Every structure is written in C-alpha cells, then in structure tokens.
Amino acid sequence: MKQQHSPIDGSQADVVLAGVEKRYGNTIALRSMDLSIERGELFALLGPSGCGKSTTLRLIAGFEQPSAGRVFVRGNDVTRIPSSKRNFGIVFQGFALFPHMTVAQNVGFGLRMRKLQKSEMKQRVMSALELVGLDHLADRYPRQLSGGQQQRAALARAIVIEPDVLVLDEPMSALDKILRDRMQVEIRRIQQRLKMTTILVTHDQEEALGMADRVGVLNGGRIEQVGTPRSIYETPRTTFVATFLGASNLLTGKVEGYDGAQAAISVAGRVISIPRGGLERGATVPLSLRPEKIRLCAHSPFMGKVKEMTYKGSTTYVEVDVNGVSFAISGDSAQIRGQHCEVGNLVGLEWDARDVVVLEDVAS
Amino acid sequence: MRRMVLYSAVGISAFLTLVPIFLVLVQAFSAGEMLTFPLPGLSVKWFVRAYTVPEIRESFLFSVILAVVSSVFSVMLALCGALYVSRNGGVLSRLVTILALVPLVFPAFILGLALLFFFKAGGVNAKLGLLIAHIVISIPYAFRPLVEALKETPLSLEEAAQSLGAGPLSSFVLVTFPQIAAGVGTAWVFCFVVSFSELSATLFLAGPGAMTLPVELFSYLEFQGDQLVVAAASTAQVLLTLGMVFLGNRVFRRR
Amino acid sequence: MIPAYYKAPRTLLAILPLCFLALFFLVPVGYLFILSFVEGNAFGGAHWTFTTANYTGMLGDRFYIVIAVRTISISLIACVLNVILAFPVALFAARLQSVWKSVFLTIATVPLMVSNIVRAFGWVVILGRRGILNSVLQFFAPQMVLRQHLFSIQAICFGLLTITLPFTIMFLTNAVSGIDRKNIEAAESLGATRWGVFYHIILPLTKSALASGLMVVFFLTLSAYVTVTLLGGPRYKTLVGFIYDYSATLRWPQAAALSFVLLGIGLAFAGIVQLLVSERKK
Ligand SMILES: Nc1ncnc2c1ncn2[C@@H]1O[C@H](COP(=O)(O)OP(=O)(O)OP(=O)(O)O)[C@@H](O)[C@H]1O
Ligand SMILES: [Mg+2]
C-alpha cells in the first residue's frame, strides 16, 4: 500500500475525502466533496432523501469507487482498497444480519475472517454482546429478535472487530420513536466509551443534532455546511440549512449602510442593525430568523396583526403580518397569553440583533 | 348453464391432459399380454421385461447420468449469469438475460438440427453433443429461479460480510449461497426434469452409445415394439421425475 | 478507474454463460442459416455455392404449400381449442380458495414434467387398434368392426392439446387470478351481464397473458415432431416431419431452409398476435 499524506490535515483527521465525485451515468450523485472527520468524533451526515448520503457512505466504506477524487483513512490512500481490507465497522440500514447465523455467529463473523483463535473469539464476542446488553440472547437467530435487539446485534458485530471507523447508515430508521430515543443515547454512550471515530448517516435532524460532535449538511450531492450542532442551528449559512434544520423565517433585507461594525439592513419597511461586515451597500440579502428567537411585546418598531394562532401545549405558534411580511413565532404559551395575543390584535415583535443571520445564497 | 359450461371445460381439460398419462401408468401394471381395459390383473412383470431389454436399460441409465451432469453444468452457468444480472445493470446484463432466456422460446427441434450440423462440422462426439444441447436447453429453467432468489437476497448482506473482512469468494460461500440454496436446489430439479424428458433436440443428436430413454422409446414405438414394455419404461420415467420434484419440494421448501 | 480486482471476476460471471450460449446457440443457428443458402448436394463434395434455390424451390412447389397450409391449420386449430378450453378452466380456478387453487395448479402442472413421448404414447394406448377405446367399444358392441383411430387429424389435435393445454391454463389462471374482484363487481353493479363482464373486463385484462399463451402454443405445435409422427402417421406429415426426413437423408441445406421457413411462420404468427394485442390497447 502506498503511504500518502492527506492534503488537508494528516495528524488528527481519521477519514478524509478529497475532491470526491460520483456519477452514475449522467446523474451526478456527489460533486467535488471535501470532508475531514477527526479522530474519535461522532460525525453526522445529514440531508434529505436522495441527497447522496448513502453514496458518500458507500464510497467511504469501499463498496463503490469514486469517479474522481481520493479517500484517505489515517493518512493512507484507500481509494482502491476493497471494503474487506479497510477495517470499517458498518451498521447497515435494515441491519443486514445474516439470517442463517445466530447472534453469536453474526458477531463472530468478522473475527472468523481475521482467523482468530476460538477461545479469544468467544471471549471477544461475549464482551461485545455484554457491551450492547445482548449476552443472554447469543444463541438466538436474527428473526427471533425484536427490532431494537437486532440493532444491538448489528452494532456488536460492527464494533467487535475494533474498527478504525464505525459507520452507521440510518441506524434508527427501522425503530419506533421511543426505541429510537433510547438507542440514540445508548449508541452515543458506547461510542464515547470506545472513543471510536464514527460516521452517522441520517435524515433526522434531531438525531444528528442530539448525537453528533459535528454535523455535515448535504444537499443535492454537495456539502452545504459543516460545524457543531449548535453553530449549524444558530448560524446556518444557506437557505437550505436554515429550513432543513427546524423552522425559520426567511426574510429579504436590503443593505442600507454601515454604522461602525453594524450593518443597517431594512426589513419589512423597518431598519435593523446586525453585527456583520463585508456586505455590499444596496445589495439584497436573504436573512434567517428562528421563530423561537422572536418575543412578543407591547411596543416595538415591528408592529403587526395576528393572523393565526395554534396552541401546541407548552408552546404556541403565532403568525403575524408586518407590512405584508409574514413572521412565524413560536414561544412559551404562558408568555404569549400574557401579551394579549389574539387573532386580529396588534402586537409588537422583538429579538436580539445577533439572532438575525445573513445567508449566503439568494433566497428563492 | 354457466356452471355447466365451466365444469364441462374443466372436465374435458382434465381428461385431455391427465388421462393419457394416467392410462400409461395403469397399463404398466397389467398382468395381461397386451393393452386391455379393464386390466385383467396387476403385476410388475412388464417392468421386469422392460429391464431385460438391453437398449431400454442402457438408455435409462444414460438418461439419468446425462440429466445429472447437464443439470449441474446448467445451474453453474445460470448461477454465474444470475449473479451478474442481479448485481449489475447495463448492456452486458441485458445481453445475459436475453441469451439465457431465448432457448426457452426457441424451438428445441430446430436447435437440435442446428447443433447436429455444427457438431458434425466440428467433429464433436454424440455424448458431448447431447451434454451441450441439454445444458443450453435447461439454462433458462435454472436462470429464472436463481435470479428471483438473488433478488430476494439483499445485497447489503454481502456487503456486510465484505466490510467484516470477507473476500468476494468467502462472502458468497458463507453468506449469499446459504440464502439462495433453496433456489439453487429448485433450479437443479427443474434442469434435471427438463433434461430427463427432453426429446426434440435429442432426437437429432442421439446416436449409438448415446441414446436417451425418450428417444429409445420413440424408435421402439415407431418400429412396433411391445407397447406394454414402453408403458413400463414410461412409468419408470414419470415416477422418477415426479419423485425428484416431490423430494425437491420437500428438501428445498422455503423456510 | 475501478480497479481490476474489483471488476474482472464480476465481468467473468457474465462472460462465462455468454460465451457458452453464443458458441452453442447463436453460432449453430447462424451456421444453419448459412447452410440454408448452400446448393443442394454441396455436402457430398466440398462445393460451397450460394443459392436461394432451397427457398424459391419450395415456394413454387404445390406439395410444400399443401404441407405448410396443413401445418398452419393444425396449429391454429390447437390455438382455438386451447382458448375455448383454457378460459373457462382459468375462470373456474381463479375462484378457488387459496389451498384448492394451489392443489389445482400442482395437478395442472404435473403433465409439464412428463416427457412428450409418454404423453403421445398415452394417446396410442387410448386410440390404437388394440387400444382402450376399441376394447371398450368391443365390450359394449361385440359385433362392431374395429377401426384404427390413430393416424388422423383428430388424434394429432388430442395429442397437441395434451402438450399445450397445461401452458395456456397456467398462463390464464395466473392472469385471471390477478384481476381485482372489485373491478368485476364494479362492472356488475353498473349493469354488465356476465358476458359483458367477460368481454369488457376479463378479456382486456388478460389479453397479454393470452397472447403469450397463444405464441407458446403455436411454437410448440409447429415443432411437435414426435406427437405428430406417432399420432398422425405417415399420412399426416407436417413441416417438421420433412425437416427430420431431410436431415436423415443428408439433404441438409433443404432441412435448414425448411427450418427457417418454420421459424418464419412462427414469428409471423407472433407478430400478428402482438399487433392485435397492442392495437386493442388504444
Ligand atoms: N446505483 C445507482 N445508479 C444510479 N443512480 C444512483 C445509484 N445510486 C444512487 N443513485 C442516485 O444518486 C443520488 C443519491 O443517492 P443516495 O442513495 O446517496 O441518496 P440518500 O441521500 O442516501 O437518500 P435516502 O435518504 O433516500 O437513502 C440519487 O439521486 C440517486 O438516484
Ligand atoms: Mg440512503
């Protein structure tokens, strides 16, 4: 194997994609992707259906070859290494447990391929099963397991080989909501205990934000933004990221000028100032403002009529029309009731200047 | 009225398709000296007599061997094709599918003639010729169940094996094959039955030392041989075939 | 881009059966085609003179025309009888409960596993001079003169139905079973008679299965040499009989040409059936 250092950062990065592209005939599944995943972190690939998550994962795992670009693992170019030699642990969508083998045989398969001694194999299988809490079901067949148990078995099978990288493809999609929440916590616990570099593919934003150290948002075969869950949620870079992760008010603003480091931007006929430089005077910019960042008040420059109210238990959803621009607000039910908020009433809106995020693309 | 039409059609169809076979089976156990109805008594003497005719005995054995060997080859070739088709798209995949299924609709009679001339030109002997012909004719019968079995086996199983360190061969042997074993068994039984009863192409290609039972029976009938001997040999053939199919269903039934 | 170790064994999987079938199916049939354009007695010597005489000779010969018409007629009769018998059977089978339906299908497919020679021989047992039909007749009317029932068009048709009916029954039963009962009930609720239901609902929905069934029947009957020979005798030869005789008497180019005439007839029929099916679709 040819040793080669990654062009990005060889020391800390465990998995590096450099300019990776994938075409199927005329369709481009991935376009020129650069991605670097650090050692020991849980990295979530998040995106809607058909955006190329599985494709990325299959390239990383070695089931497909990229049309262009390279894949590095711990500094080694593995682009041409088959999956069987990459030492990745993979939990497949639907688990892909071998139906004709018991749980123990499933978990032991990777060790068998590595020609381990019987006694050591048995011991490692048992300790992996213990880790996922499945040691009492070692002799069952997959069809005799519940969904959650199958998932644990698949996880044990992937981690028992002590993989360089653990890859999870939509691991919770076959589970119901309650089980999903429990497995999220559990997978995270195991991952942190083993300090295993992990890539999680999901279309569920809650799962990605709740479990990952860092999230990469994928759209149309392109990485739109990479960052911590918090930074991705609070400062989305594009319209797509802003809307895909939770609800957002997408506003259009016009750059009126600068007041020191503050940009003055007009929105819905009012001027607000945002701590942000580098914007061209007179330009139209897309803005994002999360509904839960908006508070109702009695007096504000932004006064509007309540168009719609939906009570949702602890929170209430309100839609307010300000000069023909519609604002969605989601807030604490008690606080909103305190503001005499009823359909047809006039209310004021306020928010912190830093909660308005200037997006980089043109809002459609 | 409508009932009458339905039931009479069912009755006529059952008569046309089942009764001739049934009568052959019944007559084979006749204790008489010629075809008679009703039977004068039951015996197995015609089976013994059929066995004492060397041509029939030898052709029966040859048919069994030919069916076993040719079905093994057709299953292997069809399995290769089915593996490729179920995992790849594209021109090559479509070509394999078409070519593997065409012998199903192409008249075997004409294929036999074509192979006769081809083998004559190439100097292929009769035994090898029959083997090849039977492989070609039975490939479609193996290809279809195999493609179906492979379609039902998710590719992710094989990928899981490979990600755990299994090479292409061991992931096939240890993981994929156990999933499709029932399909392979069914395919093999189909091929065996097709080869064992093949007559149209074999008619051209059989020769001295390479004579199958159906062809032997045909010439025996044409030259006015004893009809009850033919009945007994036919019965042996039918029973062996149905036994194979029954066993196949038992052994290879889907879990 | 995709490395060799990854791709080569996969391609080999396709290449193996492809080569085998190309060599032992495509090439021989191609060779047969070439042979059909070689001069009549070229095979005694080494002369490969190309000619179309094998085909044109047949067209001009009344004898071949008679045989061809007989062959086609027999196949068409078999097709018609198949449809008349198999449709009611399929309607009957489609209404069976699931257990009985699988019993039905098992019984219906048993004949497919029995060699054609046995099935033809079954009719010899029934219709032959010393066959079961005659012994029954003699039992009831001892003074009657016994006739040979074999070697007739009827005998051929019986034999061909024995071979082809299981296919049509299987095709049509699957197609009729696939029709949603609600469609039929909807038509009935709209006032359709039983015949109307059949003509407007069942027939259009089973058309393509019927078409494939008919094509199978036509091809099978065209090339049913053994059945026609045993049950038709020397008097009622069809085209396949001559193909066999020519090949036995080493008139290979004629046998080859006749084979392609046979294939041509089959393909023409298949084309017409396809045309009818697709035209009705509009
Ligand atoms: N084998 C293939 N041949 C052709 N196109 C493909 C193939 N596999 C994927 N694609 C295309 O590539 C794009 C990305 O597919 P991919 O499976 O990576 O999506 P995904 O993000 O995993 O979606 P999902 O959440 O629905 O699984 C899709 O447009 C898909 O149609
Ligand atoms: Mg996917």
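Now for a description of the structure that goes with this document.

Reading guide: rules and limits
- Residues numbered from 1 in each chain as written.
- Chains lettered and ligands numbered in written order.
- Predicted model: local features only at pLDDT ≥ 70, side-chain atom pairs only at ≥ 80, totals over all residues.
- Heavy atoms only, no water.
- Helix = DSSP H or I, 4+ residues; strand = E, 2+ residues; numbered from the N terminus.
- Buried < 20%, exposed > 50% of the residue type's maximum accessible area, 1.4 Å probe, protein only.
- Contact = heavy atoms within 4.5 Å.
- Areas by Shrake-Rupley, 256 points an atom, 1.4 Å probe, with all protein chains shown as cover.
- Pairing = 2+ DSSP bridges.
- Near = heavy atom within 4 Å.
- Polar contact = N/O pair within 3.5 Å; in protein donor to acceptor, adjacent residues only side chain to side chain.
- Nonpolar A, V, L, I, M, F, W, Y, C, P; charged D, E, K, R; others polar.
- Patch = residues over 30% accessible without salt bridge, like charges linked within 9 Å, V, L, I, M, F, W, Y side chains within 5 Å.
- Salt bridge = Lys/Arg side-chain N within 4 Å of Asp/Glu carboxyl O.
- Phe/Tyr/Trp six-rings, centres within 6.5 Å; stacked < 30°, edge-to-face > 60°.
- Lys, Arg positive; Asp, Glu negative; His and termini not counted.
- Charge placed at Lys NZ, Arg CZ, Asp CG, Glu CD.
- Buried area = accessible area lost by both parts, 1.4 Å probe.
- Axes fitted to C-alpha atoms, helices over the stretch in contact; angles between N-to-C directions.

## What about the overall build of chain B?
Here's step 1: Scanning chain B from terminus to terminus reveals 11 helices and zero strands.
Here's step 2: Ordered by position from N to C terminus, the α and β elements of chain B give α-α-α-α-α-α-α-α-α-α-α.
Here's step 3: A principal-axis box enclosing the C-alpha atoms of chain B has dimensions of 70 × 60 × 35 Å.
Here's step 4: Within the span of chain B, comprising 255 residues, buried residues form 55% of the whole.
Here's step 5: Across chain B, every contact between residues at least 6 apart in sequence was considered, and the portion connecting residues at least 24 apart equals 73%.
Here's step 6: Accessible surface computed for chain B: about 10800 Å², of which carbon and sulfur atoms make up 70%.

## Considering the pairing of strand S12 (residues 262–267) of chain A
All names here are of chain A.
Here's step 1: Across the six residues of S12, five count as buried, placing the element largely inside the fold.
Here's step 2: The pairing of strand S11 (residues 249–259) with S12 spans five bridges and is classified as antiparallel. By the bridge assignment, Val255 is partnered in S12 with Ile265.
Here's step 3: Where S11 hands over to S12, the hairpin turn is made up of two residues, of which Gly260 adopts a positive phi near 70 degrees.

## Topic: the site of ligand 1
Residues and elements named next belong to chain A.
Here's step 1: Around ligand 1 sit Tyr24, Ala29, Pro48, Ser49, Gly50, Cys51, Gly52, Lys53, Ser54, Thr55 and Glu170, and those are all the residues in its vicinity.
Here's step 2: One of the backbone N or O atoms of Gly50 is found 2.6 Å from an oxygen atom in ligand 1.
Here's step 3: Within the backbone of Cys51, a nitrogen or oxygen atom sits 3.2 Å from an oxygen atom of ligand 1.
Here's step 4: Of the residues contributing to the shell around ligand 1, the split by class is four nonpolar, five polar and two charged.

## Comments concerning a nonpolar patch on the surface
Here's step 1: Side chains of Leu61, Ile65, Val68, Val69, Val72, Phe73 and Met76 of chain B sit close together on the surface and give an oily, nonpolar patch of about 570 Å² of accessible area.
Here's step 2: Here Met76 of chain B shows up in helix H3 (residues 54–87).

## What to know about the packing of aromatic side chains
Geometry of an aromatic ring pair is reported as the spacing of the ring centres plus the angle between the planes.
Here's step 1: Taken as a whole, this structure holds 36 aromatic pairs over all chains when the rule is applied.
Here's step 2: When the ring of Phe302 of chain A is compared with that of Phe327 of chain A, the centres are 6.2 Å apart and the planes differ by 70 degrees; the resulting orientation is edge-to-face. Of this pair, Phe302 of chain A sits in strand S16 (residues 302–312) while Phe327 of chain A sits in strand S18 (residues 325–332), placing them 25 residues apart in sequence.
Here's step 3: We classify Phe302 of chain A as buried; its relative accessible area is 4%.
Here's step 4: With a centroid separation of 5.9 Å and an interplanar angle of 65 degrees, the aromatic rings of Phe218 of chain B and Tyr225 of chain C are classed as edge-to-face. Of the two residues, Phe218 of chain B sits in helix H10 (residues 213–222) while Tyr225 of chain C sits in helix H10 (residues 225–232), which places them in two different chains.
Here's step 5: Under the relative-accessibility criterion, Phe218 of chain B is labelled buried at 3%.

## Side note on a positive patch on the surface
Here's step 1: On the surface, Arg2 and Arg3 of chain B together with Arg95 and Arg194 of chain C cluster together to form a positively charged patch.
Here's step 2: The topology assignment puts Arg95 of chain C in the loop between helix H3 (62–94) and helix H4 (98–109).
Here's step 3: What makes Arg95 of chain C partly exposed here is its relative accessible area of 43%.

## Some thoughts on the interface of chain C and chain B
Here's step 1: Each partner contributes residues to the interface: chain C has 69 residues there, and chain B has 74 residues.
Here's step 2: The contact between chain C and chain B buries some 6600 Å² in all, and 85% of this surface belongs to carbon and sulfur atoms.
Here's step 3: The largest per-residue losses of area from chain C upon contact with chain B belong to Phe25, Met113 and Phe121 of chain C, which jointly make up 10% of the total buried on that side.
Here's step 4: The interface formed by chain C and chain B contains zero salt bridges.

## Some words on the sheet that holds strand S4 (residues 68–73) of chain A
To summarise the sheet geometry, strands pair through backbone hydrogen bonds and adopt either a parallel or an antiparallel arrangement.
Residues and elements named next belong to chain A.
Here's step 1: With respect to topology, four strands assemble into an open sheet ordered S2-S1-S4-S5, the strand pairing being antiparallel. Each edge of the open sheet is held by one strand with a lone partner, namely strand S2 (27–38) and strand S5 (76–77).
Here's step 2: Bridge analysis of strand S1 (residues 13–24) against S4 gives five bridges, and the strand direction is antiparallel. Residue pairing for S4: Glu21 is matched across the bridge by Ala68.
Here's step 3: With respect to the sheet, helix H1 (residues 53–61) is in contact with S1, S2 and S4, its orientation differing from that of S1 by roughly 120 degrees.

## Points about the interface of chain A and chain B
Here's step 1: Counting from both sides, the interface comprises 20 residues of chain A and, opposite them, 16 residues of chain B.
Here's step 2: Surface buried jointly by chain A and chain B totals about 1500 Å² across both partners, of which 66% is contributed by carbon and sulfur atoms.
Here's step 3: Broken down residue by residue, the surface that chain A buries against chain B is led by Ser84, His100 and Met113 of chain A, which jointly contribute 30%.
Here's step 4: At the junction of chain A with chain B, the criterion picks out one salt bridge.
Here's step 5: The partner of Arg58 of chain A in a salt bridge is Glu159 of chain B, and the shortest N-O contact between them spans 2.6 Å.
Here's step 6: Those elements that place two or more of their residues in the side of chain A that touches chain B are strand S6 (88–91) and helix H2 (103–113) of chain A.
Here's step 7: In terms of residue count, the dominant contributor to the side of chain A that touches chain B is H2 of chain A (four residues).
Here's step 8: Its residues assigned to classes, the side of chain A that touches chain B shows 12 nonpolar, four polar and four charged.

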